[in-house]
Amino acid sequence: MVRVTNSVASHRRKKRLFKRAKGFVGDRKNHLRLTSDCVVRALSYNYDHRKLKKRDFRSLWIVRIGAAAKINGISYSKLIHGLKQARCEIDRKMLADMAIRDPGSFAAVVSHAKQALA
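Residues numbered from 1 in each chain as written. Predicted model: local features only at pLDDT ≥ 70, side-chain atom pairs only at ≥ 80, totals over all residues. Heavy atoms only, no water.

1. Notes on the overall build of the protein chain
Then comes step 1: Helix and strand counts for the protein chain come out as five helices and zero strands.
Then comes step 2: When the helices and strands of the protein chain are read in sequence order from the N terminus, they spell out α-α-α-α-α.
Then comes step 3: Expected size for 118 residues packed as a compact globule is a radius of gyration near 13 Å; at 26 Å, the protein chain overshoots this value by more than 25%.
Then comes step 4: Oriented by its inertia axes, the alpha-carbon framework of the protein chain measures out at about 90 × 30 × 20 Å.
Then comes step 5: When burial is assessed residue by residue, the protein chain has 19% of its 118 residues classed as buried.
Then comes step 6: In the protein chain, 46% of the contacts between residues at least 6 apart in sequence involve partners at least 24 apart.
Then comes step 7: Where the 28 positive side-chain charges of the protein chain centre and where its 8 negative ones centre are 8 Å apart. (Helix = DSSP H or I, 4+ residues; strand = E, 2+ residues; numbered from the N terminus. Rg over C-alpha atoms; globule rule 2.2 N^0.38 Å. Buried < 20%, exposed > 50% of the residue type's maximum accessible area, 1.4 Å probe, protein only. Contact = heavy atoms within 4.5 Å. Lys, Arg positive; Asp, Glu negative; His and termini not counted. Charge placed at Lys NZ, Arg CZ, Asp CG, Glu CD.)

2. Re the nonpolar core
Then comes step 1: The biggest cluster of nonpolar side chains holds 15 residues, and the ones touching the most others in it are Ile65, Leu79, Leu83, Leu95 and Phe106.
Then comes step 2: Counting only elements with at least two residues in this core, the list comes to α2 (32-71), α3 (76-85), α4 (92-101) and α5 (103-117).
Then comes step 3: Not counting residues within four places of it along the chain, the set of residues in contact with leucine 83 comprises Cys88, Leu95, Val109 and Ala113. (Core = buried A, V, L, I, M, F, W, Y, C linked by side-chain atoms within 4.5 Å.)

3. Some remarks on the packing of helix α1 (residues 7-20) against α2
Then comes step 1: Between α1 and α2, the least distance of the axes is 9 Å, while the angle of their chain directions is 55°. One finds that α1 runs oblique with respect to α2. With respect to the hand of their crossing, α1 and α2 are arranged in left-handed fashion. Between α1, through Lys14, Leu17, Phe18 and Arg20, and α2, the contact on the second element is made entirely by Leu32, Thr35, Ser36, Val39 and Leu43.
Then comes step 2: Of the residues belonging to the contact of α1 with α2, the class tally is five nonpolar, two polar and two charged. (Axes fitted to C-alpha atoms, helices over the stretch in contact; angles between N-to-C directions. Parallel < 35°, antiparallel > 145°, perpendicular 65-115°, else oblique. Left-handed = near helix turned anticlockwise from the far one by under 90°. Nonpolar A, V, L, I, M, F, W, Y, C, P; charged D, E, K, R; others polar.)

See the structure below:
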């Protein structure tokens, strides 16, 4: 009988694993056991960090809005409360973008929120 090694499939499996480890440093990129462990860990961190990225960006937007609101003489919490009372549907991402790129329109939004609070 002929010896069967299944070498094509195992080579393809290793190749797929090493392709995912592209950019890793040292033995982590070209030794099968180390590469396997590192790729599994990297994929789990990848999943977690996709979730954390959303959290990080929201906090960045809040910091930017708060700084621009202070310049216009209102606190962040009062600005958000005033916008909710005025039924303004602008989200934090858009507000932060307006605060950076177009301070004039952001000032108009702030005045709208102040009127709703009064």
